[in-house]
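Here is how the chains run, residue by residue.
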Amino acid sequence: MKFAKNVFEAVVKRTIGMGTTTACYFASLYAEASMILAEKAAELGQRAFIGKVNMNTPRDDGYCESTEKSVKDTLAFIKSIERIGTLFRRFRWS
């Protein structure tokens with residue numbers, strides 16, 4: 001998850017630096033990585049709509065999940081997002 005933390009922090013900082021105060025992201029198939037993006041956006045002061053990617057069609061590279069796991073992980077992701085707090089946070093200029 002170190003990779004996700006580094007990449008998502010860079011992405012959010014870059015989009016804020018370009019003037020994007022509210023963004024819509026398709027994060028990752030993995031709920032934990034998607035949550036890292038949500039935490040980075042909140043930490044850095046960007047309002048964001050963040051979606052966990054759901055893919056249940058088998059692929060050669062294994063980047064997919066069962067429908068049951070997708071539903072379970074998506075519901076857990078939503079509950080985790082709710083714990084971050086309000087959508088409307090004061091934007092901090094860096």
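Residues numbered from 1 in each chain as written. Predicted model: local features only at pLDDT ≥ 70, side-chain atom pairs only at ≥ 80, totals over all residues. Heavy atoms only, no water.

- The name given to the protein chain in an unreviewed UniProt entry is Guanine deaminase-like, with the source organism recorded as Pogonomyrmex barbatus.
- UniProt annotates the protein chain under Cofactor (unreviewed entry) with the comment "Zn(2+)". (UniProt positions renumbered as here; feature names shortened; annotations may be inferred.)

### Regarding the nonpolar core
Argument step 1. By size, the foremost hydrophobic cluster in this structure holds 18 residues, and its most contacted members are Phe8, Val12, Tyr25, Leu37 and Ile50.
Argument step 2. For this core, the secondary-structure elements that each account for two or more residues are α1 (2-17), β1 (22-26), α2 (31-44) and β2 (47-51).
Argument step 3. Among the elements that line this core, the one with the most residues is α2, at eight residues. (Core = buried A, V, L, I, M, F, W, Y, C linked by side-chain atoms within 4.5 Å. Buried < 20%, exposed > 50% of the residue type's maximum accessible area, 1.4 Å probe, protein only. Helix = DSSP H or I, 4+ residues; strand = E, 2+ residues; numbered from the N terminus.)

### So, the packing of α1 against α2
Argument step 1. Their axes nearest at 9 Å, the elements α1 and α2 cross at an angle of 40°. Relative to α2, α1 is oriented oblique. Considering how the two elements wind past one another, α1 and α2 form a crossing that is right-handed. Seen from α1, the contacting residues are Ala4, Lys5, Phe8, Glu9, Val12, Lys13 and Ile16; seen from α2, they are Ala33, Ile36, Leu37, Lys40, Ala41 and Leu44.
Argument step 2. For the contact of α1 with α2, a count of residues per class yields nine nonpolar, no polar and four charged. (Axes fitted to C-alpha atoms, helices over the stretch in contact; angles between N-to-C directions. Parallel < 35°, antiparallel > 145°, perpendicular 65-115°, else oblique. Left-handed = near helix turned anticlockwise from the far one by under 90°. Contact = heavy atoms within 4.5 Å. Nonpolar A, V, L, I, M, F, W, Y, C, P; charged D, E, K, R; others polar.)

### Examining the pattern of salt bridges
Argument step 1. Using the criterion set out here, one finds six salt bridges in the structure.
Argument step 2. For Arg59, the salt bridge is made with Asp61, and the minimal N-O distance between the two is 2.5 Å.
Argument step 3. Classification of Asp61 by relative accessible area gives exposed; the value is 53%.
Argument step 4. For Lys69, the salt bridge identified is with Asp73, shortest N-O distance 2.7 Å. Of this pair, Lys69 and Asp73 both sit in helix α3 (residues 67-84), separated by four residues, roughly a single helical turn.
Argument step 5. Overall, the relative accessible area of 43% leaves Lys69 in the partly exposed class.
Argument step 6. Judged by relative accessible area, Asp73 falls into the buried class, the value being 16%. (Salt bridge = Lys/Arg side-chain N within 4 Å of Asp/Glu carboxyl O.)

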